[in-house]
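If you want the building blocks of each chain, they are given just below.
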Amino acid sequence: MDVFEIEGSRRLSGEIEVNGSKNAALPLMAAALLTTEPITFDDVPDLSDIRNMQMLLTELGCAIERTGQHSCILHTTDTTESHARYDIVKTMRASVCVLGPLLAARGKARVSLPGGCAIGQRPIDLHLRGLEALGATFELQEGDVIGRVPGGRLRGARVFLGGAFGSTVLGTANVMSAATLAEGTTVIESAACEPEIVDVANLLNSMGAKITGAGSPRIVVEGVKELGGANHRVIPDRIEAGTLMVAAAITAGDLTITNCPLDALMAATNCLEQIGVEVRALDDESSMRARVRVQGGRAFNPCDITTQPHPGFPTDLQAQFMALLTLADGTSVITEKIFPERFLHVAELSRMGAQLFRQGPTAIVSGVRRLVGAPVMASDLRASAGLVLAGLAAEGTTRVLRVYHLDRGYEKLEERLATVGAQIKRVTVED
Ligand code: EPZ
């Protein structure tokens, strides 16, 4: 098992670049199933989730050629296999994003049901409801969802994707991708507005799809008969960028973050400003790929946060901001409205001296003057990031166990943080 050993209380400074977005890359890669022409991708992060997706796509007949550390060509050459097996799906829930493309391109799909995970229940009912509206039928067999398209081609329809916790990001990607090859026009109401959806729509449009409205709650897709190849550069990862901003803040550091999707981070930067962290764009060449200077001070103000669908505060930054607010001068209230159970980091941060009280979907964070290093257990990807950030600020040594969770979403984080002054190293210990 790999462990991070962090000697805390080191101020970070220097320049650090944001990698391509994992959560955009996963549905983007699945879109390669919609065509038998090659798609070239740049800025694909080198992560275990991406490798899992490559494995899944290979099983589904898509040949993958890696042309560089962050680039690859995906080319679907064999359309006979349409089964996303439990072995892969259980390691990566985002496997579900092959469902829409398979149904649209092959008229059938068998995808293992993902089951629960550390951050909550995570059903896929909205994905199925949306695809059913386009004419697909589903049955459940041995834990797999088996989808069929009577007549072989989906039909455009009006689809409502709102659920109890807002819209669904991967559900929107699934329905939008499927609708590109449907007969007629699809209108998706209550679509997810996340930047990753805009990126998927941009790729699909360059493959020949006719999508308008991506990034708003109403997406219109005019179906076409076929899609072709394309070249695509994945957007930078807004969650990695937000995590790096908190790394600067929590160490009273001074980081210049490049390739930073500032436009996609309004809610997070607004909180940072309330907390007293200076966030300044150094150029305005492209606000999705900006150079941004983040400077933390010695004292932080408290800040109340409620996670919401984009453009609200992202659930994927909740744990990192909680780590920061444990050191605020006062009390903050953090409410989780997307995954109400996503609080496994609370108990671990408490082991480092944080004063936290959780009740239901809310955590009360009473700021303390210092955190102290401790062995802590990573439980999911973003919780792990929160613990690493706390370790950077804490006095003494923090050992973050089970960093394989972190490796799913942050490429060589320890090496990159070390280049800006963190004392952090990866060690392998017996499990
Ligand atoms: C995406 O998951 C991200 N994953 C998650 O990031 C992120 O936390 C989440 O969106 C919310 O922003 C990827 O993009 C690969 P949802 P997704 O469907 O699409 C409920 C990370 O750390 N819901 O938008 O699976 C659901 O339970 C990961 O990088 C239904 O009720 O999330 C949740 O409460 C973790 N029925 C809410 O909607 C459904 O059919 C939003 O989930 C689908 C979802």
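Residues numbered from 1 in each chain as written. Predicted model: local features only at pLDDT ≥ 70, side-chain atom pairs only at ≥ 80, totals over all residues. Heavy atoms only, no water.

Novice: How would you summarise the overall build of the protein if you had to cite specific residues and measurements?
Specialist: For the protein, the count of helices and strands is 14 helices and 24 strands. Taken against the 2.2 N^0.38 rule, which gives 22 Å for 431 residues, the C-alpha radius of gyration of the protein at 21 Å falls within 12% of a compact globule. Relative to its 431 residues, the protein shows a buried fraction of 57%. Expressed as a percentage of contacts within the protein between residues at least 6 apart in sequence, the contacts between residues at least 24 apart total 74%. Looking at the protein as shown, the accessible area adds up to about 16,500 Å², and 48% of this sits on carbon and sulfur atoms. Taken as two groups, the 41 positive and 50 negative side-chain charges of the protein have centres that lie 2 Å from each other. (Helix = DSSP H or I, 4+ residues; strand = E, 2+ residues; numbered from the N terminus. Rg over C-alpha atoms; globule rule 2.2 N^0.38 Å. Buried < 20%, exposed > 50% of the residue type's maximum accessible area, 1.4 Å probe, protein only. Contact = heavy atoms within 4.5 Å. Areas by Shrake-Rupley, 256 points an atom, 1.4 Å probe, with all protein chains shown as cover. Lys, Arg positive; Asp, Glu negative; His and termini not counted. Charge placed at Lys NZ, Arg CZ, Asp CG, Glu CD.)

Novice: Provide a residue-level description of the packing of helix 4 (residues 99–106) against helix 6 (residues 169–179), including the pertinent values.
Specialist: Packing of helix 4 against helix 6 leaves a shortest axis separation of 7 Å and a crossing angle of 15°. When the interaxial angle is binned, helix 4 and helix 6 end up roughly parallel. In terms of crossing hand, the pair formed by helix 4 and helix 6 is right-handed. Here Leu99, Gly100, Pro101 and Ala104 of helix 4 lie close against helix 6, whose contacting residues are Asn174, Ser177 and Ala178. Among the residues making up the contact of helix 4 with helix 6, the classes are represented as four nonpolar, three polar and no charged. (Axes fitted to C-alpha atoms, helices over the stretch in contact; angles between N-to-C directions. Parallel < 35°, antiparallel > 145°, perpendicular 65-115°, else oblique. Left-handed = near helix turned anticlockwise from the far one by under 90°. Nonpolar A, V, L, I, M, F, W, Y, C, P; charged D, E, K, R; others polar.)

Novice: Outline the site of the ligand, supporting the account with residue identities and numerical values.
Specialist: What surrounds the ligand is a group of 23 residues, the closest being Leu126, Thr168, Asp316, Ile338 and Arg382. Residue asparagine 23 places a side-chain N or O atom 3.0 Å away from an oxygen atom belonging to the ligand. In the model, an oxygen atom of the ligand is placed 2.8 Å from a nitrogen or oxygen of the valine 169 main chain. In isolation the ligand offers 810 Å² of accessible surface; the protein chains occlude 90% of this area. Sorting the residues of the shell around the ligand by element identifies helix 1 (22–30), helix 5 (125–133), helix 6 and helix 12 (381–393) as the ones contributing at least two each. Residues of the shell around the ligand, tallied by class, amount to twelve nonpolar, five polar and six charged. (Near = heavy atom within 4 Å. Polar contact = N/O pair within 3.5 Å; in protein donor to acceptor, adjacent residues only side chain to side chain.)

Novice: How would you sum up helix 1? Please name residues and give values.
Specialist: The element helix 1 is extensively covered by neighbouring structure, given that eight of its nine residues are classed as buried. Within helix 1, burial applies to Lys22, Ala24, Ala25, Leu26, Pro27, Leu28, Met29 and Ala30. Capping the start of helix 1, serine 21 holds a side-chain oxygen 3.3 Å from the backbone nitrogen of asparagine 23, two or three residues further along.

Novice: Tell me what's going on with the sheet that holds strand 4 (residues 62–68), and back it up with residues and numbers.
Specialist: Read from one edge of the open sheet, four strands run 4-5-3-14, paired in mixed fashion. At either margin of the open sheet sits one strand with a lone partner, and together these are strand 4 and strand 14 (230–233). If you compare each strand with its neighbour and ignore which way they point, the axes differ by 20° on average. (Pairing = 2+ DSSP bridges.)

Novice: I'd like a description of the pairing of strand 19 (residues 331–335), backed by residues and values.
Specialist: Bridge count between strand 18 (residues 305–306) and strand 19: two bridges; the pairing is parallel. Bridging across to strand 19, isoleucine 305 finds its partner in isoleucine 334. Read as a crossover between parallel neighbours, the route from strand 18 over helix 10 (residues 318–325) to strand 19 is right-handed. In terms of strand pairing, strand 19 meets strand 21 (residues 362–366) through five bridges, oriented antiparallel. Paired with threonine 335 across the bridge in strand 21 is threonine 362. (Right-handed = clockwise from strand over helix to strand, strands pointing away.)

Novice: Lay out helix 10 with the relevant residues and their values.
Specialist: Within helix 10, eight of the eight residues are buried, leaving the element largely enclosed by the surrounding structure. Restricting attention to buried positions, one finds in helix 10 the residues Gln318, Ala319, Gln320, Phe321, Met322, Ala323, Leu324 and Leu325.

Novice: Which residues make up the domain arrangement of the protein, and what values go with them?
Specialist: The domain boundaries assigned to the protein delineate domain 1 (2–19 + 236–428) and domain 2 (22–222). Listed per partner, the contact involves 27 residues of domain 1 and 22 residues of domain 2. Note on domain 1 versus domain 2: buried area summed over both sides is about 1,800 Å², and carbon and sulfur give 51% of it. One can count three salt bridges joining domain 1 with domain 2. Two residues, aspartate 49 and arginine 408, come together in a salt bridge whose shortest N-O distance is 2.9 Å. Residue composition of the side of domain 1 that touches domain 2, by class: nine nonpolar, five polar and 13 charged. (Domains from an automatic or database assignment. Buried area = accessible area lost by both parts, 1.4 Å probe. Salt bridge = Lys/Arg side-chain N within 4 Å of Asp/Glu carboxyl O.)

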